[in-house]
Amino acid sequence: MTLAPETTDLKIQLQLQDGWLEVCDLTQLVPGRGVAALLPDGRQAALFRDRGGNLYAIDNRDPFGGAAVLSRGLTGTHRGRPFVASPLLKQRFDLLSGQCLDDETVRVATYEVRAA
Amino acid sequence: MTATPQATEATEAAPTIVLVGHGMVGQRFLEALAERGLTATHRVVVLCEEPRPAYDRVALTSYFSGRSPEELSMTDREFIDTHGIELYVGDPAVSVDRAARKVTARSGAVFEYDTLVLATGSYPFVPPVPNKDATGCFVYRTIEDLLAIEEYAKKATVGAVVGGGLLGLEAAGALKGLGLTSHIVEFAPRLMPVQVDDGGGAALLRTIEEMGLTVHTGVGTQEVVVDEAGAVTGMKLSDGSELATDMVVFSAGVRPRDQLARDCGLTVGERGGITVDEQCRTVADPHVFAIGECALAADGRVYGLVAPGYEQAETAAATIAADEASFTGADLSTKLKLLGVDVASFGDAHGATEDCLDVVYSDSRAGLYKKLVIGRDGTLLGGILVGDAEAYGTLKAFTGSVPPVKPESLVLPAGAGESAQLGPTALPDDAIICSCNNVRKGTIRAAVTEHSCTTVPEVKKCTKAGTTCGSCVKVLGQLVTAELEASGVEVDKGLCGCFSQTREELYEIVLALRINTYQDLLDRYGRDDARGGDGCETCKPAVGSIIASLAPTIGASGYVLDGEQAALQDSNDHFLANLQKNGSYSVVPRIPGGEITPEGLITIGEIARDFGLYTKITGGQRIDMFGARVEQLPLIWMRLVDAGFESGHAYGKALRTVKSCVGQTWCRYGVQDSVRMAIDLELRYRGLRSPHKLKSAVSGCARECAEAQSKDFGVIATSNGWNLYVGGNGGATPRHADLLAQDLSDAELVRLIDRFLMFYIRTADRLERTSTWLERIPGGLDHVRDVVVEDSLGICEELESLMAAHVANYADEWATTINSPERLARFVSFVNAPDTPDPVVGFVPERDQVKPDLPLLSIGMRTTENPADLLEGSAQR
Ligand code: SRM
Ligand SMILES: Cc1cc2nc3c(=O)[nH]c(=O)nc-3n(C[C@H](O)[C@H](O)[C@H](O)COP(=O)(O)OP(=O)(O)OC[C@H]3O[C@@H](n4cnc5c(N)ncnc54)[C@H](O)[C@@H]3O)c2cc1C
Ligand code: SF4
Ligand code: FES
């Protein structure tokens, strides 16, 4: 999924059951920050782009607090893996697996995401 | 796990353990089974009466401060599934046939067992007074109880709690929190009769009364008075008086739930409790165990605290695994935070030991009471602490030994004569550090030295210490650091996993080398494996703040959301507003000095009305508007900026407010114009990013109506000028400010504050308020005075010019934002549906305004048709 940073007019797409959903322009994602996307069934995804240009998507809902705000968290890397820290109570979630790094019993959904 | 329980045959291969009761102790028992591998070799069936799996009953009251039933949960689907546990939620055991070794559940399901474990807990005791079951009478034990109380309280204005023990006080506090006038009726002559003595009770009483609760001690409840409809209207008390109340919460103690055991012929104690031996096996039947509050332990006691229950759970699990273990009794030490008051008692708190002596320190004005019970030979036997239980962890650990310093020095407050701080390093290895989980100091040391734990979270995971009430975590931290240092490991003082430097060192690097991007700093000065990476949530905002504080000097943009800086800011700074629990934001315009014109008030009122925002006067002398959706923020701010308002930086680690009193202009005592000075200071330092938030206040005379001595920098007028105080703090650990300089002119005052703030920004750690900074830095206040008053380091000129650059370059962040379409782009709900409001952000009415509607809270009320759904909660919603 690594992209040359100069690549432009690419769209970010999320894989849903019935195909790829186009969400926004790649340029709308600031490296290190997320955005939220509304899915056709009412769920929400949080999309992120890291410094290396990799894209990630997880469920937007914070499973501890309940508000749909994970897209607004700070991102970082922990032992080489990308994560986002919830802006509510700061629990961190692995962006690849959705696993909460501070509570092994909690995990959020993840989505396939690509720029095309 | 099956959704509908069915009668099942116990299979030959796997012996069956049936657990009745999925409360706190039941859950710990399951964890102990899993840890010993017994869930793999046994079929484990759990019958849970309540409509939800085990939750943290100890923290029950926190439901009223916003913790959802979900958050209180102590288990989750994954644990239950991974260990193949069959959990039947909402299906209690109704009978036990011991001869056939079968348990029947209410649903009709029958389970054969090889081992039966009863963990049925307690029920609240309700004294047999007339009308005790009337509409409006409640008990305080389960989440359902709380939901019912919350609902009923909506229509009530007065509430009374029967029982002034630990739970009674919690319940009364909860009623008060629900907006009711609250009464506590206690039969004994003092509050918390079990835990504290008369002196402690008096200190507690005073503090509790100051909170606005009415306490009636030494009186009993004789009758609940009801109206024609059968609803509570009052209570008749034993002194002949009647107390008008709309609801009554009984909290007069608990009794073991041993009915199931009685019905199947197990032995129970005279005053209740299932009689067990030291292995927690019932004395009547080797196939049956009883643990937790329903058990009458081998030492003849029923324990009403969670820690002994946990020990019993471990003992029963070990015994089932054929390991050696016994429960012979437990310490009843407790430390509680009741209505915000620390109350602790440990060891022989009431001085029952022969020939013992008391050391007492009491200050009822401050609500402080501390008593130590000392043996003839100087052994510390026990004690009671009310109002300040800071020393609890250390004192409890020394119980049973002669402490290395004089006992009185342990209870005297700091500053009063010889008070001594005993480090936990002085403790013996067998001292219990975490009493909830019975973890000794030796075990914690071993976690560091043998299991190579290097952080508190790792030690918690490894030893379970600190995972229950949390009161030992501070001592835990001290021990871990001491142990690491002792074993020659250089304790990493680095900011985080990305930087080995402290915040202060990073500040110096940024300033000296004029580094103005985070990436540059990370790639050049980060730890080897962090270079080129994405950093973390600790260092990004910290470095973002350093860059913002020094922006004009190092050539960075003064606007914190430009370019790379946007990615560094904490979530609140990123949206220039404070995130609320449902995902909406609050809006706080700056109101310098707390002074506002009628037009200003009207504008705020109109905006709040037009956007349906909840408004509240804050503790910082300004107005907060809550409940703005992210996409509404720019619209709201366009109107505020139009009316001349600026960002109040309530979201930033920056200057918050400079409070003022009316001062000389209006007040007959005032000696200087405190309002003008407060406004001047607020305007001078607005927008200044710092390691933590900064607060200030200016009072017009020594009466101190603006509370300047609780501020990071506080100013009090004198007839000759101004006195400057620094390092004050409210919050969790309040600190009175220290006087830095006296009788300053306006110009001297401002110059000194400039220096002080810039010196703090330069040398403080991340998230270190001026109070903790002042306490930490070598030399403390004297050193700071040398540097900023005497210029001992020769840096004052630089400090002043850094501040001058900040002042000259200040621009309102919100005005800058709304004037730029590009900057506004981030304020959308969804990138692919910018105008669709986030459906999760909902509101419900309360007291003529709105409050967040958290859909989660309703999860707790779902029926139990599909227990799997309930467990789903913590992972997926
Ligand atoms: C709104 C307000 C309460 C109110 O309804 O009055 C408030 C609300 C919050 N306070 Fe406060 N504090 C408010 C006055 C205070 C005061 C009183 C004062 O300033 O005179 C104090 C004690 C004084 C002090 O800070 O020394 C205070 C001590 C805290 C603390 C503890 C700080 C400490 O050093 O221990 C925190 C937690 C923190 O900052 O880490 C905190 C944190 C918070 C946060 C930011 C918690 C959060 O992250 O969500 C709350 C956010 C409000 C929001 O969303 O807009 N608030 N808070 C007050 C806003 C004042 C203002 O106009 O800016
Ligand atoms: C508000 C409050 C505050 C507290 N604060 C503290 C504190 O600060 N420190 C402290 O140490 N302790 C505190 N406690 C006490 C602590 O909660 C208990 O000691 C602990 O919960 C006991 O655990 P348990 O598993 O024995 O009982 P419980 O947690 O009560 O669990 C027993 C469970 O068994 C169920 N049950 C009963 N009969 C059956 C049946 N026939 N079939 C199936 N299920 C059944 C019950 O419904 C219940 O869910 C507090 C209690 C309350 C209510
Ligand atoms: S601090 Fe002094 S001047 Fe200010 S309001 Fe109070 S009494 Fe008046
Ligand atoms: S003492 Fe309660 S968690 Fe350690």
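Structure first, text after, so check above.
Conventions adopted
- Residues numbered from 1 in each chain as written.
- Chains lettered and ligands numbered in written order.
- Predicted model: local features only at pLDDT ≥ 70, side-chain atom pairs only at ≥ 80, totals over all residues.
- Heavy atoms only, no water.
- Near = heavy atom within 4 Å.
- Polar contact = N/O pair within 3.5 Å; in protein donor to acceptor, adjacent residues only side chain to side chain.
- Helix = DSSP H or I, 4+ residues; strand = E, 2+ residues; numbered from the N terminus.
- Nonpolar A, V, L, I, M, F, W, Y, C, P; charged D, E, K, R; others polar.
- Domains from an automatic or database assignment.
- Contact = heavy atoms within 4.5 Å.
- Buried area = accessible area lost by both parts, 1.4 Å probe.
- Salt bridge = Lys/Arg side-chain N within 4 Å of Asp/Glu carboxyl O.
- Buried < 20%, exposed > 50% of the residue type's maximum accessible area, 1.4 Å probe, protein only.
- Axes fitted to C-alpha atoms, helices over the stretch in contact; angles between N-to-C directions.
- Left-handed = near helix turned anticlockwise from the far one by under 90°.

K.L.:
Please set out the site of ligand 2 residue by residue, giving values where relevant.
P.N.:
Residues and elements named next belong to chain B. Taken together, 28 residues sit near ligand 2, with Val25, Glu49, Glu50, Arg141 and Glu293 positioned nearest. Separating an oxygen atom of ligand 2 from a side-chain N or O atom of Glu49 is a distance of 2.6 Å. Top contributing element to the shell around ligand 2 by residue count: helix H1 (residues 24-35), with three residues. Residue composition of the shell around ligand 2, by class: 15 nonpolar, seven polar and six charged. Summarising the domain contributions, the shell around ligand 2 has at least three residues from each of domain 1 (16-123 + 256-320) and domain 2 (137-252).

K.L.:
Just give me the short version of the interface of chain B and chain A, but keep the residues and values in it.
P.N.:
With 45 residues of chain B in contact, the opposing surface of chain A contributes 40 residues. The junction of chain B with chain A conceals about 3,400 Å² of combined surface from both sides, 51% of it contributed by carbon and sulfur atoms. Ranking the residues of chain B by area buried against chain A places Asp534, Glu537 and Val831 of chain B at the top, with a combined share of 19%. Our enumeration of links across chain B and chain A arrives at two salt bridges. Residue Arg51 of chain A pairs with Asp523 of chain B through a salt bridge whose shortest N-O separation is 2.5 Å. There are 18 residue pairs in polar contact (both at pLDDT 80 or more) connecting chain B and chain A. Those elements giving two or more residues to the side of chain B that touches chain A turn out to be helix H16 (518-525), helix H17 (539-549), helix H19 (565-568) and helix H20 (571-575) of chain B. Its residues placed into classes, the side of chain B that touches chain A shows 18 nonpolar, 15 polar and twelve charged.

K.L.:
Give a detailed account of the pattern of salt bridges, specifying residues and quantitative values.
P.N.:
All names here are of chain B. One pass over the full model with this rule turns up 52 salt bridges over all chains. Taking the shortest distance from any N to any O, the salt bridge between Arg823 and Asp562 comes out at 2.8 Å. Pair noted here: Arg823 is in helix H29 (residues 821-824) and Asp562 is in the loop between helix H18 (551-554) and H19, with a separation of 261 residues, a long-range link. Among the residues examined, Asp562 registers a relative accessible area of 24% and is labelled partly exposed.

K.L.:
Break down the side chain of Ser251 of chain B for me, with residues and values.
P.N.:
Residues and elements named next belong to chain B. Looking at the secondary structure, you find Ser251 in the loop between strand E16 (247-250) and strand E17 (254-256). Only 3.1 Å separates the side chain of Ser251 from the backbone nitrogen of Gly168, close enough to count as a polar contact. In contact with Ser251, other than residues within four places in its own chain, are Val161, Val162, Gly163, Leu167 and Gly168.

K.L.:
Which residues make up the site of ligand 3, and what values go with them?
P.N.:
Around ligand 3 sit Cys661, Gly663, Cys667, Tyr669, Gly670, Gly700, Cys701, Arg703, Glu704 and Cys705 of chain B, and those are all the residues in its vicinity. For the shell around ligand 3, the class distribution of residues is five nonpolar, three polar and two charged.

K.L.:
So what about helix H5 (residues 143-153) of chain B? Which residues, and what values?
P.N.:
Listed in full, the buried residues belonging to H5 of chain B are Ile143, Asp145, Leu146, Leu147, Ile149, Tyr152 and Ala153 of chain B. The inward-facing, buried residues of H5 of chain B abut helix H3 (69-72), strand E9 (137-139), helix H6 (166-177) and E16 of chain B.

K.L.:
How would you explain the environment of Asp754 of chain B if you had to name every residue and give the values?
P.N.:
Residues and elements named next belong to chain B. Along the chain, Asp754 turns up in helix H24 (residues 746-763). Looking at Asp754, the relative accessible area reads 4%, which means it is buried. Considering only alpha carbons, one finds Asp754 and Val788, 34 residues apart in sequence, at a separation of 9.2 Å. Those residues in contact with Asp754 that sit more than four places away from it in its chain are Arg684, Tyr685 and Met803. Side-chain polar atoms of Asp754 contact the side chain of Tyr685, separated by 2.6 Å.

K.L.:
Break down the packing of helix H23 (residues 674-685) of chain B against H24 of chain B for me, citing the residues and quoting the values.
P.N.:
Each pair of packed helices can be described by the angle between their axes along with the distance between the axes. All names here are of chain B. Between H23 and H24, the shortest axis-to-axis distance is 12 Å and the interhelical angle comes to 35 degrees. The two elements H23 and H24 meet at a crossing, and its hand is right-handed. Judged by residue contacts, Arg676, Met677, Leu681, Arg684 and Tyr685 of H23 engage Asp746, Leu749, Val750, Ile753, Asp754 and Leu757 from H24. Here the contact of H23 with H24 is built from residues that sort into seven nonpolar, no polar and four charged.

By themselves, these observations are geometric and do not establish any function.
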